[in-house]
Amino acid sequence: MSRTGLGQFGVMPPTIVREPTRDSEDIQICPECGHPVVKSKGPQRIEKPDLVLVALAAAFDELVTFGWRCERHPYEIVMPMRVGGEDASAFVDGWTGVEIRFSDEHIRHVATPEREVTEHVE
């Protein structure tokens, strides 16, 4: 957590959620600054996610997803890997798809661990 700005008071702003982007050489880059983010691939956390399903939106202050992150900004930017739907059939076992509103206002399914959804909704 940042020790400057609101971070020094323990306030975390919402994470900027952007569509994954590749450059002309097919390298994963940050859509905000163009910096390569390949090495950041893995589990990511989205603070204050804009989840579409009301029951989930009320339950999550933070969502675990899988994708990339750019840390070159004074705010968090996460680029979640998209999945085909709720079953996350193209992803590994133990993950499910949830609908989230990205910064461009489009709604897409992203992967999150099934246990996270089960723990928060029950």
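You'll find the structure just up there.
Residues numbered from 1 in each chain as written. Predicted model: local features only at pLDDT ≥ 70, side-chain atom pairs only at ≥ 80, totals over all residues. Heavy atoms only, no water.

Caption draft 1: Geometry of the overall build of the protein chain. Across its full length, the protein chain carries two helices and eight strands. What you see in the protein chain, going N to C, is helices and strands ordered as β-β-β-β-α-β-β-β-β-α. By residue count, 38% of the 122 residues in the protein chain fall in the buried class. When the accessible surface of the protein chain is split by element, carbon and sulfur atoms take 50% of a total near 7,400 Å². (Helix = DSSP H or I, 4+ residues; strand = E, 2+ residues; numbered from the N terminus. Buried < 20%, exposed > 50% of the residue type's maximum accessible area, 1.4 Å probe, protein only. Areas by Shrake-Rupley, 256 points an atom, 1.4 Å probe, with all protein chains shown as cover.)

Caption draft 2: Quick look at the nonpolar core. Of all hydrophobic cores here, the largest spans 12 residues; its members are Val 17, Ile 46, Leu 51, Leu 56, Phe 60, Leu 63, Val 78, Val 98, Ile 100, Phe 102, Val 110 and Val 117. Once you skip the residues sitting within four places of it in the chain, Val 117 turns out to touch Leu 56, Phe 60, Thr 96, Val 98 and Thr 112. (Core = buried A, V, L, I, M, F, W, Y, C linked by side-chain atoms within 4.5 Å. Contact = heavy atoms within 4.5 Å.)

Caption draft 3: Molecular detail of the packing of aromatic side chains. All chains considered together, the criterion is met by one aromatic pair. Their ring planes at 85° and their centres at 6.1 Å tell us that Phe 66 and Trp 95 sit as a pair that is edge-to-face. Of the two residues, Phe 66 is situated in strand β5 (residues 62-70) and Trp 95 in strand β7 (residues 95-101); the sequence distance between them amounts to 29 residues. Take Phe 66 and Trp 95: they sit in the same class, and that class is buried. (Phe/Tyr/Trp six-rings, centres within 6.5 Å; stacked < 30°, edge-to-face > 60°.)

Caption draft 4: A look at the pattern of salt bridges. For the structure shown, the criterion picks out nine salt bridges. Residues Glu 76 and Arg 69 are paired through a salt bridge, measuring 2.3 Å at the closest nitrogen-oxygen approach. When its relative accessible area of 12% is taken as the criterion, Arg 69 is described as buried. Put simply, Arg 101 and Glu 105 hold a salt bridge, and the shortest N to O gap is 3.8 Å. Given a relative accessible area of 57%, Glu 105 falls into the exposed group. Overlapping salt bridges bring together Glu 19, Arg 82, Asp 104 and Arg 108 as one network. (Salt bridge = Lys/Arg side-chain N within 4 Å of Asp/Glu carboxyl O.)

Caption draft 5: How the structure looks around the sheet that holds strand β4 (residues 42-47). Taken in spatial order, the four strands of this open sheet run β1-β6-β5-β4, and their pairing is mixed. Edge positions in the open sheet fall to β1 (16-17) and β4, since each of these has one partner strand only. (Pairing = 2+ DSSP bridges.)

Caption draft 6: Focus on the pairing of β7. Within β7, five of the seven residues are buried, which leaves it mostly tucked inside the rest of the structure. Taken together, the seven bridges between β7 and strand β8 (residues 107-113) define a ladder with antiparallel strand orientation. Counted as the bridge partner of Ile 100 is Arg 108 from β8.

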